[in-house]
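An overview of the molecular structure
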Amino acid sequence: MSASPPKIALSGVKKRFGRKVVLDGIDLEVAPRESVVIIGGSGTGKSVTLKCVLGLLKPDAGSIKVDGEEVVGLGDRARERINTKFGMLFQSAALFDSLTVWENVAFGLIQGHKMARRKAREKAIEKLAQVGLGADVADLSPSELSGGMQKRVGLARAIADDPEIIFFDEPTTGLDPIMADVINDLIVKCVKEVGATALSITHDIASARKIGDRIAMLYHGKLIWVGPAATVLDSGNPYVDQFVHGRADGPIQMELRG
Amino acid sequence: MPDPTSSPTLTVDSAAPNPAPNPAPNEASNETLGRFNFLAVIGRIILAFFQQVGRLSMFTASAVSHCVRPPFFPRQLLGQMVEIGYYSLPVVGLTTIFSGMVLALQSYTGFARFSAEGAVATVVVISITRELGPVLAGLMVAGRVGAAMAAEVGTMRVTEQIDALTTLSTNPMKYLVVPRLVAACLMLPCLVLVGDVIGVYGGYLIGVNKLDFNAASYIQNTWDYLETLDVVSGLVKAAVFGFLIALMGCYMGYNSRGGAQGVGVSVRNAVVSASILILISNYMITELFFAQ
Ligand SMILES: Nc1ncnc2c1ncn2[C@@H]1O[C@H](COP(=O)(O)OP(=O)(O)O)[C@@H](O)[C@H]1O
Ligand SMILES: [Mg+2]
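Given the structure is predicted, the values throughout are model-derived calculations rather than measurements.

All names here are of chain A. Of note, Ala-61 is situated in strand β4 (residues 61-66). With 46 residues separating them along the chain, Ala-61 and Lys-15 place their C-alpha atoms 7.1 Å apart. Discounting chain neighbours no more than four positions away, the residues touching Ala-61 are Gly-12, Val-13 and Lys-14.

Here the focus is the domain arrangement of chain B. Residues and elements named next belong to chain B. Domain boundaries assigned for chain B yield domain 1 (34-69) and domain 2 (73-290). Placing a centre on the C-alpha atoms of domain 1 and another on those of domain 2 gives a separation of 27 Å. Each partner contributes residues to the interface: domain 1 has 11 residues there, and domain 2 has 14 residues. For the domain 1 and domain 2 pair, buried surface summed over both sides reaches about 1,100 Å², with 76% attributable to carbon and sulfur atoms. Broken down residue by residue, the surface that domain 1 buries against domain 2 is led by Leu-56, Phe-59 and His-66, which jointly contribute 51%. Inspection of the domain 1/domain 2 interface yields zero salt bridges. One can count three residue pairs in polar contact (both at pLDDT 80 or more) joining domain 1 with domain 2. By residue class, the composition of the side of domain 1 that touches domain 2 is five nonpolar, four polar and two charged.

The next point concerns empty space enclosed by the protein. To locate leftover empty space, one rolls a probe as large as a water molecule over the atoms. According to the stated counting rule, one finds three cavities of 30 Å³ or more in the structure shown. There is about 60 Å³ of room inside the largest cavity. Along the walls of the largest cavity sit Asn-83, Thr-84, Phe-86, Gly-108, Gly-112, His-113 and Asp-161 of chain A together with Thr-167, Leu-168 and Ser-169 of chain B, which together make up its complete lining. Of the residues in the lining of the largest cavity, the class split is two nonpolar, seven polar and one charged.

All names here are of chain B. Cis geometry marks the peptide bond from Pro-70 to Pro-71, where omega comes out at 0 degrees. Structurally, the position occupied by Pro-71 is in the loop between α2 (30-67) and α3 (74-86). One non-glycine residue, Ser-115, adopts positive backbone phi at about 50 degrees. Inspection of the secondary structure assignment puts Ser-115 in the loop between α4 (89-112) and α5 (120-158). Assessed through its relative accessible area of 60%, Ser-115 is described here as exposed.

All names here are of chain B. All told, the structure shown has 14 aromatic pairs over all chains when counted by the stated rule. Consider the rings of Phe-49 and Phe-50, whose centres lie 5.1 Å apart with planes at 80 degrees: the pair is edge-to-face. Of the residues examined, Phe-50 reaches a relative accessible area of 53% and is grouped as exposed. Centre to centre, the rings of Phe-289 and Phe-290 are 5.9 Å apart; their planes meet at 40 degrees, and the pair counts as tilted. Residue classification places Phe-289 among the partly exposed positions, given a relative accessible area of 27%. Taken together, the ring pairs connect Tyr-108, Tyr-201, Tyr-204, Phe-213 and Tyr-218 into an aromatic cluster. Cation over ring: Arg-130 sits above Phe-290, and NZ or CZ is 3.7 Å from the ring centre. The lysine or arginine in question, Arg-157, covers the ring of Tyr-254, its NZ or CZ lying 4.9 Å from the ring centre.

Each value, and the rule that gives it
Residues numbered from 1 in each chain as written. Chains lettered and ligands numbered in written order. Predicted model: local features only at pLDDT ≥ 70, side-chain atom pairs only at ≥ 80, totals over all residues. Heavy atoms only, no water. Helix = DSSP H or I, 4+ residues; strand = E, 2+ residues; numbered from the N terminus. Contact = heavy atoms within 4.5 Å. Domains from an automatic or database assignment. Buried area = accessible area lost by both parts, 1.4 Å probe. Salt bridge = Lys/Arg side-chain N within 4 Å of Asp/Glu carboxyl O. Polar contact = N/O pair within 3.5 Å; in protein donor to acceptor, adjacent residues only side chain to side chain. Nonpolar A, V, L, I, M, F, W, Y, C, P; charged D, E, K, R; others polar. 1 Å grid on protein atoms, 1.4 Å probe; cavity = no way out; pocket = protein on both sides within 12 Å on 5 of 7 lines; lining within 4 Å. Points joined across faces, edges and corners; volume = space filled by probe spheres on them. Buried < 20%, exposed > 50% of the residue type's maximum accessible area, 1.4 Å probe, protein only. Phe/Tyr/Trp six-rings, centres within 6.5 Å; stacked < 30°, edge-to-face > 60°. Lys NZ or Arg CZ within 6 Å of the ring centre and 35° of its normal.

In structure tokens form, the structure reads like this:
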């Protein structure tokens, strides 16, 4: 891999719910300032992987290191400290519906960094502008926004306090193609210019190729292929080939029932 | 404060999100199946029961310990105090004024048979302060506030907002649960105090206007036989009820699973379990204060 120690290192991470094995030994290293994208079908455990890193789910086995520090089984306080390094865009945006749009974006600044509300509001409006939203939405409630706008507010919230590591869970799903590309550019900008490390999830191959340095494919609880983003279209791996070209027949059989 | 985790056992089990499945009626081998079912069902019920008690106890311990450890969220606390205290006033006021009125009417009918009508004022004030004020206010607030808490926290759980709080380095226990618990413990006694006054006033209205008591002597009778302990015990009850309402609302909401339906189940469980816990703890506190 690279000379510098990895920013995030997963090894042998396993997670199952009841009898259902979701992650069956994940090994992945993300170098500083690198952007890695995990691709895979729906329900393969991509979100679960991120939630394990964030400490929202506890893996059954394996180790997860952030900046060389083991984070599995941390206490509340230590977890809060680690989480200040993170920014997370949830698949469902997960905006706080009891707060206004700007309060959502400024949440980490006000609660975590104890920034004054007036200053935090200015910063929030600045971040909203970065994701293509005007100051006029700042005082709206999240429920008054369209799905795509909510996603952008979620993105603004994830990058508001300039985190070192950003997680994007399906950042472009549900957006129109142009807005999807705007978001892709924005993610690239965050990672390349600000110097953040990114771990993203998507099943949009165009997006994966644009935002990722490396791509990993999750299938049946394992990362079956990891390689440079440029080579994903001709990886030579039949599973990856089937997925990136979106073919119904191939080694991956959809589990259809009924 | 009585241990809030020891009493809920019965209720929590019946309110468990995943009750043990009923045994299928066995048609096959009566001997083996029958015995297996019987033992398995008992075992499952006992296990589910202790699991629920354990989870609730841990939740309670964690919530209480977060109450005394910074950071605090005064803005959230204030919001909850307004929500619980101020906006519950009409409900509590209406409940207690009519209770006071009906109490005066009924006790008058009863005491008239012993020519002891003079006791009406005393009976009204003691019943309201000791029992009816806190219990009725508690039950009404359980329906109003407990349900709202379970719905709000539950929705935040199933829409990943609680996860989002964690990733923003904000402890959801401190941000969501502690303000609700503290606000309910503080505001319920205030509500009950106001309710006591309104309830006694309800009795006074009926006593003076309908039963032809002399206003001054009615007030005199109210004051003379009222002891501090009557009011204090009612307020202690109110604080405990507030704690139980917020605890069950938050606990059920926090452990919601699976979308709108799951939130609905949480709301129902929160109201039912809080109401039953209120009645049980009401008995226990009464016993503590007044049993000789
Ligand atoms: N909290 C949970 N409890 C039980 N099962 C879960 C939970 N979270 C996820 N799963 C299961 O894990 C699998 C992977 O989910 P997820 O990571 O969300 O998929 P995706 O790859 O589409 O993001 C799904 O089959 C889902 O049912
Ligand atoms: Mg997902």
